[in-house]
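Report on the structure
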Amino acid sequence: MTPCAVTTGFFTLGKCGQMAVAGCPACGRAVCADHLADGGLCPECAAARNRFGHPAAAAAARRRTYRQRQSQYYGDTVYYSGFDDYDRAAFEPGAAADQDYLDDGDDALVDS
Amino acid sequence: MHRAAYLAFDRFPSAKGSAVHIRHMAAELFDRYGGGLLCVLGGGELPAYQREGGVEIVRFTDVVPNLLDRAEAFSRWAADRLAPHRDTLEICHVRDPWGALPALSTGARLVYEANGLPSVELPYHWPLAAPSTLSKIRELEEHCLQESDAVVVPSRVILKAVTDRGAGPDRVHLVPNGADPVPADVPRPPTAPGRYVIYVGALQPWQGVDVLLRAFARLADLTDLTLVVCSSVSPARARPLRRLAERLGVRIQWEHQIPHADVAAWLAHAELSVAPLTAGPRNLDQGCSPIKVWESMAAGTAVVASDLPVIREVLGDHGRLVPPDRPAELARAIRVLLEYPDACRDLGERARRHVEDGFTWKHARARLADVYDRVEAH
Ligand SMILES: [Zn+2]
Ligand SMILES: [Zn+2]
């Protein structure tokens, strides 16, 4: 039996491991019946092609994209760009306190 | 179509305390709203997309080297992820301005969980950030906090910091972190040394691990005692501290990025747990609610920690407080507790009961549920 190679879990991740029924045509990974998404793809590849979620959501997404192009749908709050090149320069990777602290991608702004 | 979304400019899951926090807070949100959308950072082996029951997890995976560019790219990406759910979204729960901005644009109710403030935190990692830049970041923070329907904070110290930034006091709610009770019979980790003192957490300068190393150097005569550092970061990132430990000749065992589920056993079998936080503005003005202290208490292990308002809030008199940044005082406190094992055990037991009586994650989730009740009622 070929085990399903889709990653599952919320806090502790692992491979699904159920019996695979197909291979994803895009990435080749083995996929079980539960994880088979539209078009026979694995969930990740299906998501990358914007086919995930509720069919209505996908349709809504297409409508939005259209509307957005038509009328600058979003308010300016999303694209807060009060930051200029001078502000940005301080956040180049080489400008960090210590390179040793950065090598595995410390993205979190806050660590309690 | 989701009714709820949780956004965090953090990698999830990860070995950090922030991930434990996200896990429990997001679980409360998603249980309440029958699932939802979780937008977080990816990278490494983490999949870009997962569906777990009613929960969809989407991870931002673009490689953007500049932190500010990355944060803004995350915002735009998150806005696109939220867009299909605009008609149904009732509530967004965020942890930072870069999640708050796209959430605000949906018109859904906003709960802003302020565990820390980028305007305070960033200069520690990015010392070249100019005061004018930090004041722009502070303005952004103020905007997001003022627009939020509720602000959730883990400590009174940060409660003050967010009200100083214009969050209406009636909308700010205290939800301390917590820890889950550790079974009394949790087995000893196979690689644990005989007698050990433990530090759990990340290694940023404000954690004070260097102070702990210097303190430990003064305990060299206790030849059966080892310091175990359970670092949430990789060996490469621990390099400066590893060098310092070598120079000081400290008997130390490094455990890197061990799964969170295994940490409890390491804590439970330690003689003592140490939280040597420094007295810098990061800890004094912004505060925190250190999960390592909560988890040590839950494991029934006595805690020796820096005497700071944030620590006093968590530990009360169920632990031993020492002046921060003083290796000699820290060494003395550790030595005294080790000399009185009964008192030490008693302290750990009391701490455990304190957590069980009011500060498990179940309690934290109930407090968060009250906040959601209020937000819905408005
Ligand atoms: Zn695939
Ligand atoms: Zn599967």
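Chain B carries the name Glycosyltransferase involved in cell wall biosynthesis in an unreviewed UniProt entry, which gives Actinoplanes lobatus as its organism.

This brings us to the overall build of chain A. A count of helical and extended segments in chain A gives three helices and four strands. Listing every helix and strand of chain A by position from the N terminus yields β-β-β-β-α-α-α. Every one of the 112 residues in chain A was classed for burial, and the buried ones make up 38%. Long-range contacts, defined here as pairs at least 24 residues apart, represent 14% of the contacts in chain A between residues at least 6 apart. Carbon together with sulfur atoms contributes 51% to the accessible area of chain A, which is approximately 6,100 Å² in total.

A word on the coordination of the zinc ion (ligand 1). Six octahedral donors at a metal ideally form angles of 90 or 180 degrees, and four tetrahedral donors ideally form angles of 109.5 degrees. All names here are of chain A. Coordination of the zinc ion (ligand 1) by the protein comes from Cys24 (SG), Cys27 (SG), Cys42 (SG) and Cys45 (SG), over a distance range of 2.2 to 2.4 Å. The coordination sphere of the zinc ion (ligand 1) comprises four donor atoms, whose angles at the metal cover 102 to 113 degrees; the geometry is tetrahedral. All donors of the zinc ion (ligand 1) belong to a single chain; written as a sequence motif, their spacing is C-x2-C-x14-C-x2-C. Of this pair, Cys27 sits in the loop between β3 (20–23) and β4 (30–32) while Cys42 sits in the loop between β4 and α1 (43–48); the two residues are 15 residues apart in sequence, bridging distant segments of the chain. We classify Cys42 as buried; its relative accessible area is 0%.

To continue, consider the coordination of the zinc ion (ligand 2). Residue and element names in this part refer to chain A. Distances from the zinc ion (ligand 2) to its protein donors, Cys4 (SG), Cys16 (SG), Cys32 (SG) and His35 (ND1), fall within 2.1 to 2.3 Å. Taken in chain order, the donor set of the zinc ion (ligand 2) reads C-x11-C-x15-C-x2-H. Of this pair, Cys4 sits in the segment before β1 (7–8) while His35 sits in the loop between β4 and α1, placing them 31 residues apart in sequence. Exposure remark for Cys4: the relative accessible area of 2% places this residue in the buried category. Relative accessible area serves as the criterion here: at 15%, His35 is assigned to the buried category.

Another point: the nonpolar core. Core analysis: the biggest nonpolar cluster contains 52 residues, and Phe91 of chain A together with Leu7, Cys92, Val151 and Val162 of chain B have the highest contact counts within it. When residues of this core are assigned to their parent elements, the largest contribution, eight residues, is made by helix α2 (residues 67–82) of chain B. Residues in contact with Val162 of chain B, not counting those within four places in the same chain, are Ala114, Leu117, Leu145, Val151, Val153, Ala167 and Val172 of chain B. Ranked by size, the runner-up nonpolar core spans 34 residues in total, among them Val211, Val233, Ala238 and Leu337 of chain B.

Taken together, the side chains of Met1, Met19, Val21 and Leu36 of chain A present a nonpolar region at the surface, about 430 Å² in accessible area. In this fold, Met19 of chain A is placed in the loop between β2 (14–15) and β3.

So, on to the confidence of the model for chain B. Regions with low pLDDT should not have their predicted coordinates read in detail. This prediction gives chain B a mean pLDDT of 94; 100% of its residues lie at or above 70. Scored as a whole, the predicted complex attains pTM 0.88, and scored at its interfaces, ipTM 0.85.

A few words now on the sheet that holds strand β4 (residues 55–60) of chain B. Residue and element names in this part refer to chain B. Taken together, eight strands build an open sheet; the order of strands is β3-β4-β2-β1-β5-β6-β7-β8 and the sheet is mixed. Because the sheet does not close on itself, it has two edges, and the strands there are β3 (49–52) and β8 (172–174). Averaged over neighbouring strand pairs, the angle between their axes works out to 20 degrees when direction is ignored. Pairing of strand β1 (residues 4–11) with strand β5 (residues 91–94), which is carried by four bridges, proceeds in the parallel orientation.

Moving on to the domain arrangement of chain B. Residue and element names in this part refer to chain B. Under the domain assignment used here, chain B contains domain 1 (4–178 + 360–377) and domain 2 (195–357). The partner domain 2 presents 24 residues to the 26 residues of domain 1 that form the contact. When domain 1 packs against domain 2, the two sides together hide about 1,900 Å² of surface, and 60% of this comes from carbon and sulfur. Connecting domain 1 to domain 2 are one salt bridge. Linking domain 1 with domain 2 are six residue pairs in polar contact (both at pLDDT 80 or more), by the criterion used here. For the side of domain 1 that touches domain 2, the secondary-structure elements that each account for two or more residues are α1 (17–32), α4 (118–125), α6 (156–164) and α15 (361–377). Among the residues forming the side of domain 1 that touches domain 2, the class breakdown is twelve nonpolar, ten polar and four charged.

The rules behind each value
Starting from 1, residues in each chain are numbered consecutively following that chain's sequence as written. All chains are assigned letters beginning at A, and all ligands numbers beginning at 1, according to the order in which they are written. Per-residue local features of the predicted model are confined to residues with pLDDT of at least 70, and side-chain atom pairs are confined, for both listing and counting, to 80 or more; whole-chain, interface and lining totals are unaffected and use all residues. To get the side-chain values, all heavy atoms of the structure are used, and hydrogens and water are removed first. The numbering of helices and of strands both runs from the N terminus, where a helix is a DSSP run of H or I of at least 4 residues and a strand a run of E of at least 2. When accessible area is computed with a 1.4 Å probe and restricted to protein chains, residues below 20% of their type maximum are described as buried, those above 50% as exposed, and intermediate ones as partly exposed. Every residue pair with non-hydrogen atoms within 4.5 Å of one another is taken to be in contact. A 1.4 Å probe and the Shrake-Rupley method give the accessible areas. Residues count as covered only by the protein chains that appear here. Each metal's donors are the N, O and S atoms within 2.8 Å of it, or within 3.2 Å when it is Na, K or Ca, and because water is not part of the set, sites may look incomplete. Any coordination sphere not matching a tetrahedral pattern (four donors, all angles between 85 and 135 degrees) or a square planar or octahedral pattern (four or six donors, opposite donors over 155 degrees apart, other angles between 65 and 115) is reported as irregular. Among buried residues, the Ala, Val, Leu, Ile, Met, Phe, Trp, Tyr and Cys ones that are joined through side-chain atoms within 4.5 Å form a nonpolar core. Patches here are clusters of residues that have more than 30% relative accessible area and form no salt bridge, with a 9 Å joining cutoff for like charges and a 5 Å cutoff for nonpolar side chains (Val, Leu, Ile, Met, Phe, Trp, Tyr). By salt bridge we mean one thing: a side-chain nitrogen of Lys or Arg within 4 Å of a carboxyl oxygen of Asp or Glu. Known as pLDDT, the predictor's per-residue confidence is scaled from 0 to 100. A pair of strands is labelled paired if DSSP reports no fewer than 2 bridges between them. Axes here mean lines fitted to C-alpha atoms, for a helix over just the part in contact, with angles spanning 0 to 180 degrees between N-to-C directions. Boundaries of every domain are those given by an automatic assignment or by a domain database. Two parts placed together each lose some accessible area under a 1.4 Å probe, and the buried area is that loss summed for both. For the purposes of these results, a polar contact is taken to be a pair of N or O atoms within 3.5 Å, where, inside protein, one atom must be able to donate a hydrogen and its partner to accept one; residues adjacent in sequence count only when each atom of the pair is a side-chain atom. Under the scheme applied, nonpolar residues are Ala, Val, Leu, Ile, Met, Phe, Trp, Tyr, Cys and Pro; charged residues are Asp, Glu, Lys and Arg; polar residues are all the others, including Gly.

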